[in-house]
Number of protein chains: 2
Amino acid sequence: MSPADMTTQESGRKALDLPGTIQLCGSPDGCESLCDKCQVRLLAVCAALDEDELKELEAIAEHCVVGARHTLFQEGDAARHVYSVTSGTLRLQRDIDDGRRQVVGFALPGDFLGLSLESSFGFGADALTPVTACRFERTRFTELVARKPELQRKLHQTASRKLAFAEDHMVVLGRRKAEERVAIFLLRWSERLQVLRGPSPTLPLPMGRQDIADYLGLTIETVSRTISRFTRDRIILVVPDGVRVLDRSKLIQSANATHS
Amino acid sequence: MSPADMTTQESGRKALDLPGTIQLCGSPDGCESLCDKCQVRLLAVCAALDEDELKELEAIAEHCVVGARHTLFQEGDAARHVYSVTSGTLRLQRDIDDGRRQVVGFALPGDFLGLSLESSFGFGADALTPVTACRFERTRFTELVARKPELQRKLHQTASRKLAFAEDHMVVLGRRKAEERVAIFLLRWSERLQVLRGPSPTLPLPMGRQDIADYLGLTIETVSRTISRFTRDRIILVVPDGVRVLDRSKLIQSANATHS
DNA sequence: CGGGTTATTGATGGTGTTCAAGGGGTGTGG
DNA sequence: CCACACCCCTTGAACACCATCAATAACCCG
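As a convention, each chain's residues are numbered from 1 in the sequence order in which they are written. Lettering for chains starts from A, numbering for ligands starts from 1, and both go in the order in which the items are written. Residue-level local features of this predicted model are given only where pLDDT is at least 70; pairs of side-chain atoms are given and counted only at 80 or more, and the full residue set underlies all totals for whole chains, interfaces and linings.

Engineer: When you look at the overall build of chain A in this model, what are you seeing that I'm missing?
Structural biologist: Looking only at helices and strands, one finds seven helices and 12 strands in chain A. Neighbour density around each residue's C-beta defines its exposure: 20 or more other C-beta atoms within 10 Å make it buried, 12 or fewer make it exposed, and counts between make it partly exposed, where C-beta atoms are placed from the backbone. When each of the 260 residues of chain A is scored for burial, the buried share is 39%. Once C-beta atoms are placed from the backbone, any two residues with those atoms within 7 Å are in contact. For chain A, the proportion of contacts with a sequence separation of at least 24, taken over those separated by at least 6, is 72%. Only DSSP runs of H or I reaching four residues or more are called helices, and only runs of E reaching two or more are called strands; each is numbered from the N terminus.

Structural data, given as structure tokens:
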């Protein structure tokens, strides 16, 4: 199917499949293209490298920008490049042909896409906000990794962390009630953002309700209702593009609401 | 809680938490302790090594045997060792304190446990059948990996595959109906066994119904009912300790039964 | 202001859970 | 060798949670 000629979808669900308009920054025209100045220098896989090695990495890096609601790559695409996110938020998803969708994660600055170094992507990635990323040709990156054991090790460590996180999420999807799922999502998301931006009572939610639903294995209505209930119970407050956590301990309670 | 003094559990669910009675084979007393003769030589991570390197690995390997229904290690245990399974089947699970359980996978010969090389296990591992495995002290193994880039690469590749598989399973847990889940489970399990043992219409199921339920995010009753329905529809036939697949194409249909 | 998208809320119903009872296999001890 | 206990699995009936359907509200951007 051609991804271009669908303007109004059957359900409003697949709203983000605009063509992947990716802009490259060739030279200092606004994009910081130096690793020294990179915001996520110490978070990303690059943290494994010393000064000289970083130069090598920088030599094969391209900096790219993707607008909000645009696609970075689609599930099954040939993985010509791998990416290190430097700003913005992406939604990572797998689709079932009949329209159902599972969001397998959200990518934030410091995250690496294409970890597996395999020839095609196992999930699609759409920008939820404007996104900037470092892009590497996969074959070149693989070749560099082969020469840098420490980078290889870091890549493995990152993949292992993601695997552990995926197993966590399996528990959520397999065994948690709706209320628990939403509470756990809010807590984990806030912890993730806290690492990046420091503590804040206000929690930005760049993803829509449908994205949260597809992440948690629920419907948009159930997510909305649960958030409304939390609001009624003074656990959270809905603000534009996010929520404010009013009572974290009650939220933790909701995350462990025992069944039966 | 002490894992020893519970003989009849509250629900019959946690039937396998016997103390982890692991036997070691010191010398040629029945255990094949040579990699040359290893059945999974080409499947396991060891496949990354050449003759000399394999000798090094062999030098730090211990061979161990775990009886059916015994625990290899528990979630949260200090990971003193990492394991390469050489025969048998294990159940890998995470537990929620209130008794709910999510089976995150089943391990078969060739599988590696402790991939992350972190200091504790993120899931528990129980033997469903008698199991044999190669065991390595984690610190020594990590040190070896640091010296063998090819082994590091193989480890990363294995972790990446598991991550992709975990994402597959998220779709199952988040978006599939009960009938689809069971059908997909049977198909994937049969494909996995086919790689190991070659094609066969008879599919051994060393795990119990409760294990399948905990893997698929369902109850034992739903799994049982679904299998009964498949049997009525002549899709499968229940045989001792497994099923026989009578009509694979119908099973594939059931795996894609559209919702609505 | 108007069109379109996204979020909320309500009413209803279905899929899977829960509760309960019975069947079938296996191992053990009389 | 049978009786009995103990699992595990199966099956039935009632219920609950969440999905579905539908309408409205809020929002954004033109």
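Engineer: Help me understand unusual backbone geometry, please; the structure alone is not making it clear to me.
Structural biologist: Comment: phi is negative for the bulk of residues other than glycine, and the bulk of peptide bonds are trans. Residue and element names in this part refer to chain A. Its identity is not glycine, yet Leu117 carries a phi of approximately 60°, on the positive side. The topology assignment puts Leu117 in the loop between strand 7 (112–113) and strand 8 (124–127). Positive phi outside glycine occurs at Asp241, with the angle close to 60°. Relative to the elements of secondary structure, Asp241 occurs in the loop between strand 11 (236–239) and strand 12 (242–245). You can call Asp241 partly exposed: it has 13 C-beta atoms within 10 Å.

Engineer: Mind showing me how you'd approach the sheet that holds strand 1 (residues 22–25) of chain B here?
Structural biologist: Note on sheets: strands pair through backbone hydrogen bonds, and any given pair is parallel or antiparallel. Residue and element names in this part refer to chain B. A pair of strands is labelled paired if DSSP reports no fewer than 2 bridges between them. Across the sheet, which stays open at both edges, the five strands sit in the order 1-2-9-4-7 with antiparallel pairing between neighbours. Sheet topology places strand 1 and strand 7 (112–113) at the edges, where each strand pairs with a single neighbour. Direction of pairing for strand 4 (residues 81–87) relative to strand 9 (residues 131–137): antiparallel, over a ladder of six bridges. Pairing of Val82 across the sheet is with Phe136, part of strand 9.

Engineer: I keep staring at the nonpolar core and nothing clicks. Help me out?
Structural biologist: Soluble globular proteins tend to pack their nonpolar side chains together in the buried interior. Buried Ala, Val, Leu, Ile, Met, Phe, Trp, Tyr and Cys residues form a nonpolar core when they are connected through C-beta atoms within 7 Å. Counting residues in hydrophobic clusters, the biggest one holds 125 residues, and the most contacted among them are A:Leu90 and B:Leu216. The contact partners of B:Leu216, leaving out residues within four places of it in the chain, are B:Val172, B:Arg181, B:Val182, B:Phe185 and B:Val223.

Engineer: When you look at the sheet that holds strand 6 (residues 101–107) of chain B in this model, what are you seeing that I'm missing?
Structural biologist: Residues and elements named next belong to chain B. Reading across the sheet, the four strands line up as 3-8-5-6 and stay open at both edges, with antiparallel pairing between neighbours. Edge positions in the open sheet fall to strand 3 (71–73) and strand 6, since each of these has one partner strand only. Across this sheet, the average inter-strand angle for adjacent strands is 30°, counted without regard to direction. Relative to strand 6, strand 5 (residues 90–95) runs antiparallel, the two being bridged by six bridges. The residue of strand 6 that forms the bridge with Asp95 is Arg101. Here, axes are lines fitted to C-alpha atoms. For helices the fit covers the stretch in contact, and angles between N-to-C directions go from 0 to 180 degrees.

Engineer: Which parts of the structure should I look at to understand the relation of the copies chain A and chain B?
Structural biologist: Two chain copies here: they are related by a rotation about an axis and a translation along the same axis. Screw-axis analysis of chain A against chain B gives a translation of 0.0 Å along the axis, an RMSD of 0.0 Å, and a rotation angle of 180°. Viewed as a symmetry operation, the transformation between the two copies matches a two-fold axis. Here the copies are matched by least squares. The fit uses the C-alpha atoms of residues with pLDDT of at least 70 in both.

Engineer: Is there a simple way to think about the environment of A:Gly67 in this case?
Structural biologist: Residues and elements named next belong to chain A. Checked against the element boundaries, Gly67 lands in the loop between strand 2 (61–66) and strand 3 (71–73). Given 15 C-beta atoms within a 10 Å radius, Gly67 is considered partly exposed. It is 35 Å that separates the C-alpha atoms of Gly67 and Ile252, two residues lying 185 residues apart in sequence.

Engineer: What should I look at first to understand the pairing of strand 8 of chain A in this one?
Structural biologist: Remark: a regular strand shows side chains that alternate across the two faces of the sheet. Residues and elements named next belong to chain A. Of the two faces of strand 8, the one lined by Gly124 and Asp126 and the one lined by Ala125 and Ala127 are each fully buried. Pairing between strand 3 and strand 8: two bridges, direction antiparallel. If you follow Phe73 over to strand 8, its bridge partner there is Ala125. As paired elements, strand 5 (residues 90–95) and strand 8 share four bridges and run antiparallel to each other. Its bridge partner being in strand 8, Gln93 is matched across the sheet by Gly124.

Engineer: I tried to follow the interface of chain A and chain B on my own but got confused; where do I start?
Structural biologist: Reports of interface size often rely on the accessible area that becomes lost once the parts have come together. Counting from both sides, the interface comprises 32 residues of chain A and, opposite them, 32 residues of chain B. Among the secondary structure elements, those contributing two or more residues to the side of chain A that touches chain B are strand 6 (101–107) and helix 3 (149–175) of chain A. Tallying contributions element by element places helix 3 of chain A first for the side of chain A that touches chain B, with 18 residues. Polarity classes work like this: nonpolar for Ala, Val, Leu, Ile, Met, Phe, Trp, Tyr, Cys and Pro, charged for Asp, Glu, Lys and Arg, and polar for all others, with Gly in that last group. Broken down by class, the residue content of the side of chain A that touches chain B amounts to 13 nonpolar, 11 polar and eight charged.

Engineer: Explanation requested: the environment of B:Ser119 in the structure shown.
Structural biologist: All names here are of chain B. Looking at where Ser119 falls in the secondary structure, it is placed in the loop between strand 7 and strand 8 (124–127). Taking the number of C-beta atoms within 10 Å as the measure of exposure, Ser119 has 10 and is therefore exposed. What Ser119 contacts, discounting residues up to four positions off in sequence, is Ala78 and Ala79.

Engineer: Where do I start with the confidence of the model for chain A in this structure?
Structural biologist: Caution applies to low-pLDDT parts of the model: their predicted coordinates are not meant to be read in detail. Every residue gets a pLDDT, meaning the predictor's confidence in that residue, from 0 to 100. For chain A, the average pLDDT comes to 90, and 88% of its residues sit at 70 or higher. Contacts from residues 1–12 of chain A, a stretch scored under 50 in pLDDT, to residues over four places away or in other chains number six contacts.

Engineer: Could you clarify how one ought to interpret helix 5 (residues 209–216) of chain A in this entry?
Structural biologist: Note: α-helices contain 3.6 residues per turn, so residues at a spacing of three or four share the same orientation. Residues and elements named next belong to chain A. With six of eight residues buried, helix 5 lies mostly within the body of the structure. Among all positions of helix 5, only Asp211, Ile212, Ala213, Asp214, Tyr215 and Leu216 are buried. Packing partners of the buried residues in helix 5 comprise strand 5, strand 6, helix 4 (178–197) and helix 6 (220–232). Remark: Gly217 follows helix 5 within two positions and exhibits a positive phi of approximately 70°.

Engineer: I keep staring at the packing of helix 3 of chain A against helix 3 (residues 149–175) of chain B and nothing clicks. Help me out?
Structural biologist: Helix-helix packing is characterised by the crossing angle of the two axes and by the distance between the axes. Closest axis-to-axis distance for the helix 3 of chain A/helix 3 of chain B pair is 9 Å, and the angle between their directions is 20°. When the axis of helix 3 of chain A is compared with that of helix 3 of chain B, the two are roughly parallel. Along this stretch, helix 3 of chain A crosses helix 3 of chain B, giving a crossing that reads as left-handed. Counted by class, the contact of helix 3 of chain A with helix 3 of chain B contains 14 nonpolar, 10 polar and six charged residues. With respect to orientation, any angle under 35 degrees is reported as roughly parallel, any angle over 145 as roughly antiparallel, any angle of 65 to 115 as roughly perpendicular, and every other angle as oblique. For any helix crossing, the convention is left-handed if the near helix is rotated counterclockwise from the far helix by under a right angle, and right-handed if that rotation is clockwise.

Engineer: How should the pairing of strand 2 of chain A be read in this particular structure?
Structural biologist: Residues and elements named next belong to chain A. With four bridges joining them, strand 1 (residues 22–25) and strand 2 adopt antiparallel strand pairing. Paired with Gln23 across the bridge in strand 2 is Val65. As paired elements, strand 2 and strand 9 (residues 131–137) share six bridges and run antiparallel to each other. Bridging from a neighbouring strand, His63 pairs with Cys134 of strand 9.

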